[in-house]
Each structure stands twice: as C-alpha cells, then as structure tokens.
Protein chains: 2
Amino acid sequence: MSGAGSAGVVAPQLARFEVPLVLDCGQTLPAWQLVYETYGTLNAARDNAILICHALSGHHHVAGVRADNPKDVGWWDNMVGPGKAVDTRRFFVIGVNNLGGCHGSTGPSSTNPATGRPWGASFPFVTVDDWVRAQAHLADHLGIECFAAVMGGSLGAMQALQWTISFPERVRHALVIAAAPRLSTQNIGFNEVARQAIVTDPDFHGGDFYAHGVIPRRGLRLARMLGHITYLSDDAMHEKFGRELVGGEHRFSLDVDFEIESYLRYQGDKFSERFDANTYLIMTKALDYFDPATRYGAGKLSRALEGARASFLVVSFTSDWRFSPARSREIVKALLDNRLPASYAEVDAPQGHDAFLMEHPDYQRTVAAYLARVAGERA
Amino acid sequence: MSGAGSAGVVAPQLARFEVPLVLDCGQTLPAWQLVYETYGTLNAARDNAILICHALSGHHHVAGVRADNPKDVGWWDNMVGPGKAVDTRRFFVIGVNNLGGCHGSTGPSSTNPATGRPWGASFPFVTVDDWVRAQAHLADHLGIECFAAVMGGSLGAMQALQWTISFPERVRHALVIAAAPRLSTQNIGFNEVARQAIVTDPDFHGGDFYAHGVIPRRGLRLARMLGHITYLSDDAMHEKFGRELVGGEHRFSLDVDFEIESYLRYQGDKFSERFDANTYLIMTKALDYFDPATRYGAGKLSRALEGARASFLVVSFTSDWRFSPARSREIVKALLDNRLPASYAEVDAPQGHDAFLMEHPDYQRTVAAYLARVAGERA
C-alpha cells in the first residue's frame, strides 16, 4: 500500500473480568483477564471497531512495535496500520489474546486462585465459542455494541465465523480468511500427532511441568516442526529449500543433511522456547472441536448460519492444502444458501496456508477494497 | 484373480556372505547376511526369477504364511501367489529383507563382530545403491544371472529403478510402483520430524538403547503415527473415520476424542513394539538420499537412465499425495527420453500412497497383464 505506515509503538492493555464465564466443557472461570492491544481511534458513534482474532500460535500483538523491543513487530503488521488494508486511520482495531493463551490472558500458565499454583493441566479446554463469548465481554468493556468487522485467518477465521452465529447483532462484517468450516480427518490426525509428541515428553509431567522447573521442549519442538510442514505448500518448500545440502554432501549420520532439516529444527527450537505446551494442546483441541454445522445446524452448515446477519468476505489461497479453497467454498455455499451477502476471493498464492500472513498485492488489495466499502457505509 | 491361491507355508532362508561389501558411506561390512523367502520354482533356464524389494517398514515375508503362525500373511500376498498377478506357477519369486533391516538381515540390532555387542548407532547408513549391490550378491548366491523382473512399491520401487541403472544387464523388466525419482522437500521434512521424534526420545540413548534394556517407544510411535497420515489420502481418512467420536461427545480432556486419534495411537503402539528404531532412521535416510538424477545424471534423470536396458511398467495412484502421479510421470518421461519401452498406468484409487499394498482390480490386472507378457517372452 503506497504511503502505508506502521501502527507505531503500542502497549498491551489488560481487561479484568470478575464475572464468571461458563465454558462449553461445563467448568466456570470465576475471574479472568484478557490482554489486548488497540490501534487507531474509536469514533464517537463507536461503530468503527474491527476485532482481529488470532490463530494457533498467535496473540494480541497484531501490528506496530513494542516500546521495549522495536524489532518485535506485530504478526499482521503488513495488514494493519495507517494506510494499510485494515486502515487504522479509519478503524479502531483490536488485537486480543484468547483464553487459554500464554501471552497474558488467563491460561494454563496463570495462577489458579483456588490453589495458588499454575493451572497447568487443570486449565479447562476452551472452545471457539468460549473465546467468542469472552471477546464479547471485552467488547462490552470497550463500549462497543457492534463491530464494523470481525476478522481472522485460519483458527482466527473460525472465530470470525462463530461471531456471526453467536452474536449476529454485534457484527456487521466477517472476514473469514484461509478457513475451514471444520477440520478434516487428516487435520485432526496431524493435531493428534503434535499433542502426543507433547504429552509423551517426559518433561510434560501430566501438564504440571511448571512445578518441576522444566518444559516439554522436545514435544513442542516436534509439534512445531510438523505444523510448519503443513503451513507451507510442497512447491513453496521446494522453491525455498529444494534438496540443498547444508554441508554440500550426504553426511551418513544423524547430523543435518538438508537445508529443510536445518530450517525445521531451528523453527522447532525457537518455538519451544517461547510457547506454552498446555496452550498448544488447548488451541489444537479448540480447532478439532470447532464444528458449527454439527453444533448449531444438525449437521448442516447452512442451518447453523440461518441466524447470521453479517456480510462476508471469504478468502482462500490456491496452494493451501491444510485448509484448501474447497473448504472455503463450503462456507460460501452455506452463506449463499442463506442469501447472506458474501464475496469470495481465491488468491493465486504459492506459499500454502501461511499465505494468509504474507504480503500479496491481490490479497491485501481485496481486503482493502472490502473494508473501504465497510468504512463508506458509516460515512 | 479367479482361482488364485496362497503361496502356502513358507520358511525364511539365510544367505551368509563373507565377501566385504563396500558401502556408499565409505565403510565396509566385512561379513553380512540377508534373510529371504522364495515362492515358486526356478526354471532350468534360470530366467523366471522376480525380485521383490520392500518399502520403509517391509521385509522378506512377501507372500504365503509362516509355519509357526498361519495368521502371519505376507505383506503383498494379494499380489503374489499361484494364479495371482505375480503368478508363482510361472515365476520364481524372491522376497528379501534389506541390509540395515530388523527382520533377520544384518542391521543395527545384529551383533557387531568387532565388539560382540549390537551395532546400534554405529551401523552404517546404507543407501538404495548399497541394497541393490547386496541383492546382486543374493542373485549370485541363487544362481540368477538376470532377473525376469525386479519390482517394488514406494521405497521398493526406487530399488527396482536403481537395479536398471546399477545392473542393466541383470534385469529385463522393472515394475516401478507408487514411486518418485527422489523425495520432495516436503517428503524429507516429514522424514526429519519422524527421525527427531526418535532421536530425542530419552530412551534412544544415542542409538544404543539395546544396552539399556529399553526401546524409544515414544519416538517410534510418533514416527509411525505421522507416517500413517501421509500414507493415506484425506478422502480415505474421511471415508473411514470422518469426525466420528469414540465416546459420542467431546471429552474436554487429553483422552481420545475422535476415532482417527484412536486409530493412529493404536497403529503407533503396535509399530513401536515390533520395529527397530535404528532401522527406521536408516530407512528414512536411504529414502532422503535416493537421487539417481544427481548421482548419475548431473541433475538429469534422463541422463542417469542412459545405460538402462530394461523394459518398464510404472504405476501410480491418483490419490497418492506422498508420491503423486506427477512424480511417476517424471520417471516415465526420463524413460521415453531414452526410448526405453515403458508402460504407464495411473490407477484411479482413493486410498492414497497405501493403495500400492491394496487390492484394486485395475491395479492387479495391470500387473498381471504385464507379467503375462514377460512370461510369454520366455515361452
């Protein structure tokens, strides 16, 4: 975007809720908090707010940089900022870390007030529906009755979709990017391998590793290595790494031979240092459980969306084999079945599922054009 | 096949070689053995022999049943037997366990004569080329100058292809099924996750777990769970398991929720009981290293196959995303570039990579028809 800039230095904020939150699993969180960031200004009519929901390993730091670390750029900074597709000169944008997370919102590494120790394995398995209910409390806290838009990619897109089902009167537009209406069997299989890598790591200690002063590094590392492969297309991996050898020849040992091995190990190591294992388990289960068709539509996504009132932009990426364009088209079909206004863009991008995080002129322009229309509605 | 029967009760045989085998890695095996099975009868001309090469977790027990366990049916019993596609009334069929294996051929769990202890991590990383050289010694041992055919699926197919390069005068036909001329970056990535699962299992002990009386069960289990997903198509998994819940509802715990999780855990558990971790590492490295284009053709598969003299049947399966039909077509192109006789069949099968092990009328009929022609040549 020409003339686009950074959202600048941002600081996280905390919203503390003393109202009990009843979760889908049957448990209740008596008190809880969400950490969030905002960019831009809420207008007087309080109708220019956009909520951005994060994916598996994301968080509230969506755009701009942190005061204490100017290199810590938000994960969707190419999308959100002044003059960018999500234009913070027009919109008041909110990034939030979900319940169960490990970046400041109440989660398994938080202290359980009942015991004075980290929740650990006893933190409840939260769902996409639970997150959306918690986010509605945040909207109340910020005095936002109705979002101009709720948007996200991957698991974040599932939350945007759920918003239109759970709170049809509180969301005018939903941007559902690189999504699926529910995981495929294969998707669940990959998640299960990742979970088993974590829970069978001897350092997991049944989820109470905090008390042992260790982290299940091996398991988290494997989970991330595997996840990473599914985020990229075979072509993108070929383009970036091919069969390049780190040392120029086969080593006939367990040392790294190929560049791709080195890359995956590095990504796995880095992730295992910074992410909470229990959060990873919770996030993958939320993915597996998400299934509005079964929960709200007796098996039919169209029925689940009968009460929705939002307009939709659905975006998929040609090379995404994790959540393929066919999955996005299932969503579009259900929207059209309900005569809901829906635009659909299938972006020709080589990167695979991760394309939703990347810069691609067609992609950012599509979002920008859609949101310009949303902004115009208010004018 | 109508009227097709079992190869009957078979017993493994041992061939012991006191001739040093120089390996690609530079090491030499001074003495070594191969375990094998045979079905049918070698004719007087000794020209009706078919060698069957196994894939990642396979072995020499290809067809028939074992005397001590009538339920232990060979892994390609639907393909090999009297009246079957590989008709043991016409052909003398040999199944062999490769070097580095864990079913009786010299491998990491064998005793290293130099130390009197299991080879463990010190067993050399063998290659597809090494295997083919070792198999040529077995052919000598059996008095077979030239195979009527060498065949295999997946990693087994790579050996069949290598035979036509390493010993062009010793193989009349190669049946290359569900193969790739070399692994893709993604393929290597999945293998690396599996290897890291094994080597980071605390029970791996740097490969010398035998001395500790343990096996790296967790790592092997994860490797197999992951492998299994890549052997199946998304559609096949959907068809078989869908999103069926084991207990009828979400459990909100780390217990099994979905049938697919139960299945993968079961497959992983079973595999970890019966397979050697060091063998798994060796087999995956052999897969990663296989690349005749680079080794023999300065990057071009066509050049690598310039010396080949065999006729070929190449078979792929539409739903195989591990080694897709496009990879088989790369092989066919290189064969045609060299004006080598090549038949190609793309079988419309839903099962994914594992289709090569399964019954499918078109598939078995294609192999049967091809081999009938091979048998006819001798008549």
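Residues numbered from 1 in each chain as written. Chains lettered and ligands numbered in written order. Predicted model: local features only at pLDDT ≥ 70, side-chain atom pairs only at ≥ 80, totals over all residues. Heavy atoms only, no water.

**With respect to unusual backbone geometry**
Point 1. Although it is not a glycine, A:His205 adopts a positive phi angle of roughly 50°.
Point 2. A relative accessible area of 34% places A:His205 in the partly exposed class.
Point 3. The backbone of B:Ala178 sits at a positive phi, close to 50°, despite the residue not being glycine.
Point 4. Counting through the fold element by element, B:Ala178 comes out in the loop between β15 (173–177) and α3 (185–199). (Buried < 20%, exposed > 50% of the residue type's maximum accessible area, 1.4 Å probe, protein only. Helix = DSSP H or I, 4+ residues; strand = E, 2+ residues; numbered from the N terminus.)

**Some details on the pairing of strand β11 (residues 92–96) of chain A**
Residue and element names in this part refer to chain A.
Point 1. Counting buried residues along β11, five of its five residues qualify, which places the element largely inside the surrounding structure.
Point 2. Residues Phe-92, Ile-94 and Val-96 of β11 are buried on one face, and the alternating residues Val-93 and Gly-95, pointing to the opposite face, are buried as well.
Point 3. Sheet topology note: the strand β5 (residues 32–39)/β11 ladder contains four bridges and is antiparallel. Within β11, the residue paired with Tyr-39 across the bridge is Val-93.
Point 4. Relative to β11, strand β6 (residues 49–53) is paired through four bridges, and the arrangement is parallel. Paired with Leu-51 across the two strands is Ile-94, which belongs to β11. (Pairing = 2+ DSSP bridges.)

**Looking at the relation of the copies chain A and chain B**
The operation linking the two copies of the chain is a rotation about an axis combined with a translation along the axis.
Point 1. Rotating chain A by 180° and moving it 0.0 Å along the rotation axis overlays it on chain B with an RMSD of 0.0 Å. The superposition operator between the copies reduces to a two-fold rotation axis. (Least-squares fit on C-alpha atoms with pLDDT ≥ 70 in both.)

**Looking at the pairing of strand β8 (residues 69–73) of chain A**
Side-chain direction in a regular strand flips from residue to residue, so the side chains alternate between the two faces of the sheet.
Residue and element names in this part refer to chain A.
Point 1. Taken together, the two bridges between strand β7 (residues 65–66) and β8 define a ladder with antiparallel strand orientation. Counterpart to Arg-66 in the pairing with β8 is Asn-69.
Point 2. In textbook terms, the turn of a hairpin is the stretch between consecutive antiparallel strands, and for β7 and β8 this stretch comprises two residues.

**Brief notes about the interface of chain A and chain B**
Point 1. Of the residues lining the interface, 53 residues belong to chain A; the matching set on chain B comes to 53 residues.
Point 2. Interface of chain A and chain B: buried area, both sides summed, is about 4500 Å²; carbon and sulfur atoms make up 67% of it.
Point 3. Interface area lost by chain A to chain B is led by A:Thr185, A:Arg243 and A:Phe252, which between them contribute 17%.
Point 4. Scanning the region where chain A abuts chain B turns up 10 salt bridges.
Point 5. Here A:Glu192 makes a salt bridge to B:Arg265, at a shortest N to O gap of 2.5 Å.
Point 6. If you look at where chain A meets chain B, you find 25 residue pairs in polar contact (both at pLDDT 80 or more).
Point 7. Of all the secondary-structure elements, those providing two or more residues to the side of chain A that touches chain B are α3 (185–199), α4 (217–231), α5 (234–240), α6 (259–274) and α7 (277–289) of chain A. (Contact = heavy atoms within 4.5 Å. Buried area = accessible area lost by both parts, 1.4 Å probe. Salt bridge = Lys/Arg side-chain N within 4 Å of Asp/Glu carboxyl O. Polar contact = N/O pair within 3.5 Å; in protein donor to acceptor, adjacent residues only side chain to side chain.)

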